[in-house]
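Observations on the three-dimensional arrangement
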Amino acid sequence: MATSEPSLPVINLRSVPDQDGMSRDQYAAVVQAVGKACTEFGFFYIVGHQIDPKLLARVVAGARAFFSLPKAEKAAIAMNKSGRAWKGWFGLGGELTSGRPDHKEGLYLGDELPPSHPEVLKGTLMHGPNLWPVMPEHPTFKQDVLLYMDELERVAHTVLSLIASSLGLSKDHFDSTFRPAPTRLLRLFQYPSPVDDEARARWGVGEHCDYGVLTILLQDEVGGLEVRSRNGEWLSAKPIPGSFVVNIGDMLERLTWGRYRATPHRVRNSSSEHDRLSVPFFFDPCWNAIVEPIRELGPLNGNSQVPLRWDKQDVVSGPPRAYGDVLTDRVAKVFPALFQDSSHL
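Every value quoted in this text rests on a predicted model; they were computed, and no experiment measured them. Position numbers for residues count from 1 along each chain, tracking the sequence in the order it is written. Two thresholds apply to this predicted model, a pLDDT of at least 70 for residue-level local features and 80 or more for giving and counting side-chain atom pairs, whereas whole-chain, interface and lining totals are computed over all residues. Excluding hydrogens and water, the side-chain values take into account all heavy atoms of the structure.

Here we take up the sheet that holds strand β7 (residues 182-191). If DSSP finds at least two bridges between two strands, the strands pair. Working definition: helices are DSSP H or I runs of at least four residues, strands are E runs of at least two. Numbering for both runs from the N terminus. Spatial ordering of the open sheet is given by β1-β2-β12-β9-β14-β7-β6-β3, a layout of eight strands whose pairing is mixed. Each edge of the open sheet carries a strand with a single partner, namely β1 (10-12) and β3 (88-90). Averaged over all pairs of adjacent strands, the angle between their axes in this sheet comes to 25°, without regard to strand direction. The sheet contact formed by strand β6 (residues 105-110) and β7 spans six bridges and is antiparallel. Looking across to β7, one finds that G110 is bridged to L185. In what follows, a contact means two residues having at least one pair of non-hydrogen atoms within 4.5 Å. Helix axes use the C-alpha atoms of the stretch in contact, all axes being lines fitted to C-alpha atoms, and the angles between their N-to-C directions lie in the range 0 to 180 degrees. Most of the contacts of helix α5 (residues 141-166) go to β7, to which it runs at about 115°, and overall it touches β2 (43-47), β6, β7, β9 (214-219), β12 (244-248) and β14 (276-286).

Structure, rendered in structure tokens:
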């Protein structure tokens, strides 16, 4: 059972973008806090991100409006209608975690790429235009979502610079991997309110680690996110108004030779009155960037044998691969039918 009080660190980013205005000690303190959070938890809250609260409110309102649409209207932009772009809506149970259906529905969004984009012309998976719902009462939904992604990218670069500094690297170390076109994926998820004891016992999404580098999560007031600590205790990542929850994924674990390890987490909506809304943003390397352990760091403690994780997976070893290939393999396991259909397009 998760503990009742949140136990994750809180990092204030308010002064970080203006690092020249901070004293060396102030900046070092933030860097140290980020490094400690990555080492001990793999999760932390961020505040002081300077994203307009009105923009956040519009994105949340638009997401709630979308999920309240009749099923037929949501199905009009189902993922199987997006071809090789793998964007759009999926219904309850349509996404798998560790082979099991999640108890949630969602909308997959990403960069708005026109048909003339080179990667779209090549038929690269997960590249193409988004499928947008028709919501006359929320005419700025598309504009808001795309602006929101740009704002989150700014925040993500700030967090990455702090992570780089915490590893003893230059603060712009990750730029070559994440610029000029990082992989940006935005998900809108709704976990339905349980209607009986059986539903209350069901996990909205089971224990798992994210497979990218950074996840920045906006969660509503319902809560339900639980994080497994290094000693095996489940911690409740309770909502903090105005904050995001950040967690590191498998690819950052790989880049750092296991110094910063991806942390298992899970979600269950136990509220009998409210659906749970969450909006995770996945910020990852450029599609063709090669992901391999950072040479300047070297193996952890000089030992090339990385301890096995909770799932007995080794994400550090293995040959260098383009991030796009890694992501395609992972998403194919989440939507096997979609992958099968796309292989014929």
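Salt bridge, as used here: a side-chain nitrogen of Lys or Arg that lies within 4 Å of a carboxyl oxygen of Asp or Glu. If you walk through the whole model with that rule in mind, you get 21 salt bridges. The residue E253 makes a salt bridge to R309 at a minimum N-O spacing of 3.0 Å. Residue E253 is located in helix α8 (residues 250-255), and its partner R309 is located in the loop between β15 (290-291) and β16 (321-322); the two are separated by 56 residues in the primary sequence. Each residue is placed in one exposure class: buried if its accessible area under a 1.4 Å probe, protein chains only, is under 20% of its type's maximum, exposed if it is over 50%, and partly exposed if it falls in between. Given a relative accessible area of 1%, E253 falls into the buried group. We note a salt bridge from D311 to R309, for which the minimum N-O separation is 2.8 Å. Look at D311 and you get partly exposed, because its relative accessible area is 24%. Taking the relative accessible area as the measure of exposure, R309 reaches 9% and is therefore buried. Connected through shared salt-bridge partners, D250, E253, R261, R309, D311 and R330 make up one network.

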